[in-house]
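Spelled out from the first residue to the last, the chains are:
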Amino acid sequence: MLKLRDLWGRFSAHLVLLLGAAIMLFPVYIAFVGASWDSATIGRGLMPLSPGPYLVTNLLRAWNVGSGEKIVSVPVRIMLANSLIVAICVAVGKIVAAALTAYAVVYFRFPFQNFFFWSILITLMLPLEVRIFPSYKVASDLRLLNSYLGLTLPLMVSATGTLVLRGAFRSIPRELLDAAQVDGAGPLRCFWQIVLPVARPNLAALFVILFIYGWNQYLWPLLITTDPKMQTIVIGIVRMLGISEALVDWELVMATAVLAMTLPVLVVIFMQRWLIKGLTETEK
C-alpha cells in the first residue's frame, strides 16, 4: 500500500509538471506554427495546429529582409546583433561592477561600511522607470543617443548583482585569503585567483539571469534609439505589429519571434548546469 501511494504521488507530481510545461510551451508552439504558414492562411483564420511548408522561407525572409507586404522593417539579423551586444555588455558590466563592490564590502574594513552597503541596497527601490527622465537627459547631453554606449551604460550598474555575489563571497572561507596574503598575494591577486574561481558557478548563474534581463529590455532602448538600424529585437517585434491587425504580416512577425527566442534558449540550455549549481550551491 505504501509503495502504491508513493507511485501515485510521483505520478501526480509528474502529471502536474507536464501539464504546466504544456501550458507554458503552447504559445511558443503557436508562434512556431504561425511562422510556417503564409499570410493568407493566417489572415483568414484558417491556420491549423500543424506546421506548414513555409517555415524556411519565412525565416530566411525575416533574417535577410525583415519587410513584408504590409510592414517595413530592417533585417532581423541586424536587430539580433544589437540585442546580443546589449545583452552581453549589460551582463558583463553588471557582473564586473557587482563583483568589485561585493568584494570590497565583504573583505575590506573601512569607515561607514554598513552605511555604504545599505545605500547600495536602497537603489533597488529606484528602478530605471523611476529615473528614466534624468537618465535620458544625461544620455542626450553626452550625445549617447543611437549608440551602443547609450544602450548599455545606464543598465550596467545595479544592486541586484552586488547582493547575490555578497552572499556567495561570504561563504568563501576567510582562511583562504589569509593564507594567500601570508604568501605575499595582494588584494587584486586574491580577488582574481581565489575569489572569482571559487564563485564561478554563481557568476555563471548571474550571467544567464542578466543576459536575459538585457535581452528583454524594452523601455530604455525605445527611448534611446530613433535609428531603425539601432533598434533591438524586442523593439522590432513591437513595431512590426503596427496599429492594426489588418496591416500585419503575421507570418513574418511569428518568424521574427521564433528567431528572437532561439539565442536566449540556447544560452540557458548550454549554461543550465552552471545555472542550477550557482542557484542551489550554498557551501564551498
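Scroll up to find the structure.
Residues numbered from 1 in each chain as written. Predicted model: local features only at pLDDT ≥ 70, side-chain atom pairs only at ≥ 80, totals over all residues. Heavy atoms only, no water.

Caption draft 1: Broad picture of the packing of aromatic side chains. Across all of its chains, the model carries seven aromatic pairs by this definition. On the basis of an interplanar angle of 85 degrees and a centroid distance of 5.5 Å, the ring pair of Y103 and F108 is categorised as edge-to-face. Exposure remark for F108: the relative accessible area of 32% places this residue in the partly exposed category. Both rings, one in F211 and one in W215, keep their centres 6.0 Å apart while their planes meet at 25 degrees; by these two values the pair is stacked. Of this pair, F211 and W215 both sit in helix α11 (residues 200–215), four residues apart, roughly one helical turn. The same class applies to F211 and to W215, which are both buried. (Phe/Tyr/Trp six-rings, centres within 6.5 Å; stacked < 30°, edge-to-face > 60°. Buried < 20%, exposed > 50% of the residue type's maximum accessible area, 1.4 Å probe, protein only. Helix = DSSP H or I, 4+ residues; strand = E, 2+ residues; numbered from the N terminus.)

Caption draft 2: Quick look at empty space enclosed by the protein. Taken as a whole and assessed by the stated rule, the structure comprises one cavity of 30 Å³ or more. In this structure, the largest cavity spans a volume of roughly 30 Å³. Looking at the lining of the largest cavity residue by residue, the class counts come to three nonpolar, four polar and no charged. (1 Å grid on protein atoms, 1.4 Å probe; cavity = no way out; pocket = protein on both sides within 12 Å on 5 of 7 lines; lining within 4 Å. Points joined across faces, edges and corners; volume = space filled by probe spheres on them. Nonpolar A, V, L, I, M, F, W, Y, C, P; charged D, E, K, R; others polar.)

Caption draft 3: Representation of the side chain of T162 in the model. Take T162: it is sitting in helix α8 (residues 159–170). T162 gets classed as buried once you look at its relative accessible area, which sits at 3%. With sequence-adjacent residues up to four places away left out, T162 is seen in contact with A98, T101, A102 and I120. (Contact = heavy atoms within 4.5 Å.)

Caption draft 4: Fine view of the pattern of salt bridges. This model, assessed by the stated rule, comprises two salt bridges. The residue D141 makes a salt bridge to K137 at a minimum N-O spacing of 2.7 Å. With D141 and K137 both in helix α6 (residues 132–141), this residue pair falls four residues apart, about one helical turn. (Salt bridge = Lys/Arg side-chain N within 4 Å of Asp/Glu carboxyl O.)

Caption draft 5: Summary view of unusual backbone geometry. Of note in this structure, R143 is not a glycine but carries a positive phi near 60 degrees. When you line up the elements, R143 lands in the loop between α6 and α7 (148–152). With a phi angle near 55 degrees, N146 is a residue other than glycine that sits in the positive phi range. Here N146 lies in the loop between α6 and α7.

Caption draft 6: Here's a closer look at the nonpolar core. Within the largest apolar cluster, 53 residues are counted, with the highest numbers of intra-cluster contacts made by V76, Y103, Y107, L165, F169, V195 and I233. Elements supplying a minimum of two residues to this core: α3 (55–64), α4 (76–107), α8, α9 (174–182), α10 (187–198), α11, α13 (233–241) and α14 (250–270). Looking at this core element by element, the count peaks at 12 residues for α4. What Y107 contacts, discounting residues up to four positions off in sequence, is F169, I172, R174, L177 and V195. Counting 11 residues, the second-largest nonpolar core is a separate cluster that includes V90, I132, I224 and M230. (Core = buried A, V, L, I, M, F, W, Y, C linked by side-chain atoms within 4.5 Å.)

Caption draft 7: Quick look at a nonpolar patch on the surface. Together, L25, V28, M261, V265, L266, I269 and F270 give the surface a local cluster of nonpolar side chains, amounting to about 650 Å² of exposed area. If you list the elements that add at least two residues to the nonpolar patch, you get α1 (2–34) and α14. With five residues, α14 is the largest single contributor of residues to the nonpolar patch. Note on placement: L25 falls in helix α1. (Patch = residues over 30% accessible without salt bridge, like charges linked within 9 Å, V, L, I, M, F, W, Y side chains within 5 Å. Areas by Shrake-Rupley, 256 points an atom, 1.4 Å probe, with all protein chains shown as cover.)

Caption draft 8: Quick peek at the layout of surface pockets. There is about 480 Å³ of room inside the largest pocket. In this structure, the largest pocket is lined by 25 residues; those nearest its centre are K94, L124, S158, T160 and Y213. Contributions of two or more residues to the lining of the largest pocket are made by α8, α11 and α15 (272–280). The leading source of residues in the lining of the largest pocket is α11, at six residues. Split into classes, the residues belonging to the lining of the largest pocket amount to 16 nonpolar, six polar and three charged. Reported here for the second largest pocket is a volume of approximately 270 Å³. L25, V28, I212, W215, N216, A260, M261, P264 and V265 are the residues that line the second largest pocket. Listed by contribution, the elements that provide at least two residues to the lining of the second largest pocket are α1, α11 and α14. Considering every element that reaches the lining of the second largest pocket, the biggest residue donor is α14, with four residues. Here the residues of the lining of the second largest pocket are counted per class, giving eight nonpolar, one polar and no charged.

Any functional reading would require information beyond the geometric quantities listed.
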